[in-house]
Amino acid sequence: MLQRLPVVQRLIRRGETIAEADVTWSQFRLAPGARDVVQELDQVVGQAARRTLRPGSPLQEADLTAP
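The notes below deal with the structure included here.

Criteria and thresholds
- Residues numbered from 1 in each chain as written.
- Predicted model: local features only at pLDDT ≥ 70, side-chain atom pairs only at ≥ 80, totals over all residues.
- Heavy atoms only, no water.
- Helix = DSSP H or I, 4+ residues; strand = E, 2+ residues; numbered from the N terminus.
- Rg over C-alpha atoms; globule rule 2.2 N^0.38 Å.
- Buried < 20%, exposed > 50% of the residue type's maximum accessible area, 1.4 Å probe, protein only.
- Areas by Shrake-Rupley, 256 points an atom, 1.4 Å probe, with all protein chains shown as cover.
- Lys, Arg positive; Asp, Glu negative; His and termini not counted.
- Charge placed at Lys NZ, Arg CZ, Asp CG, Glu CD.
- Salt bridge = Lys/Arg side-chain N within 4 Å of Asp/Glu carboxyl O.
- Core = buried A, V, L, I, M, F, W, Y, C linked by side-chain atoms within 4.5 Å.
- Contact = heavy atoms within 4.5 Å.

Assigned secondary structure in the chain consists of zero helices and four strands. Written out in order from the N terminus, the α and β elements of the chain read β-β-β-β. In terms of overall dimensions, the chain is globule-like: its C-alpha atoms have a radius of gyration of 11 Å, near the 11 Å expected for 67 residues. C-alpha extents for the chain along the principal axes are approximately 30 × 20 × 20 Å. Within the chain, the proportion of its 67 residues that are buried is 27%. Taken as a whole, the chain presents about 4,200 Å² of accessible surface, with 48% of it coming from carbon and sulfur. The chain carries 9 positive and 8 negative side-chain charges, and their two centres are separated by 8 Å.

Enumeration according to the criterion identifies three salt bridges in this entry. Between Arg-10 and Glu-16 there is a salt bridge, and its shortest N-O distance comes to 2.5 Å. We classify Arg-10 as partly exposed; its relative accessible area is 33%. Overall, the relative accessible area of 24% leaves Glu-16 in the partly exposed class. For Arg-10, the salt bridge is made with Asp-22, and the minimal N-O distance between the two is 2.7 Å. Of this pair, Arg-10 sits in the loop between β1 (2-8) and β2 (23-29) while Asp-22 sits in the loop between β1 and β2, and the two are 12 residues apart along the sequence. A cluster of three or more residues bridged by salt bridges with shared partners is formed by Arg-10, Glu-16 and Asp-22.

The tendency in soluble globular proteins is for nonpolar side chains to be buried as a group. Formed by Val-8, Ile-12, Ile-18, Val-23, Val-38, Val-44, Ala-49, Leu-53, Leu-59 and Leu-64, the largest nonpolar core amounts to 10 residues. Apart from residues lying up to four places away in sequence, Val-8 is in contact with Ile-18, Asp-22, Val-23, Leu-53, Arg-54, Pro-55 and Gly-56.

So, on to the side chain of Asp-22. By relative accessible area, Asp-22 is classed as buried at 8%. Once residues lying within four places of it in the same chain are set aside, the contact partners of Asp-22 are Val-7, Val-8, Gln-9, Arg-10, Ile-12 and Thr-17.

Moving on to the side chain of Asp-63. Along the chain, Asp-63 turns up in the loop between β3 (48-49) and β4 (64-65). In this view, Asp-63 contacts Ala-48, Ala-49, Arg-50, Arg-51, Leu-53 and Pro-58; residues no more than four positions away in its chain are not counted.

This is the structure:
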């Protein structure tokens, strides 16, 4: 099943805060039981990257932290 997920559209460096303009949506086929994948825009915007985030890749909850 395809699922629409928020992804960053530019390289986000560790510690950088993610703005709404940095996020776009992409379709992904998720494996059953994929629980820690970020699915909502409000889970991303305003958060800081714990590691460098590559454009177009699904985000994991562990990739993000409070700024």
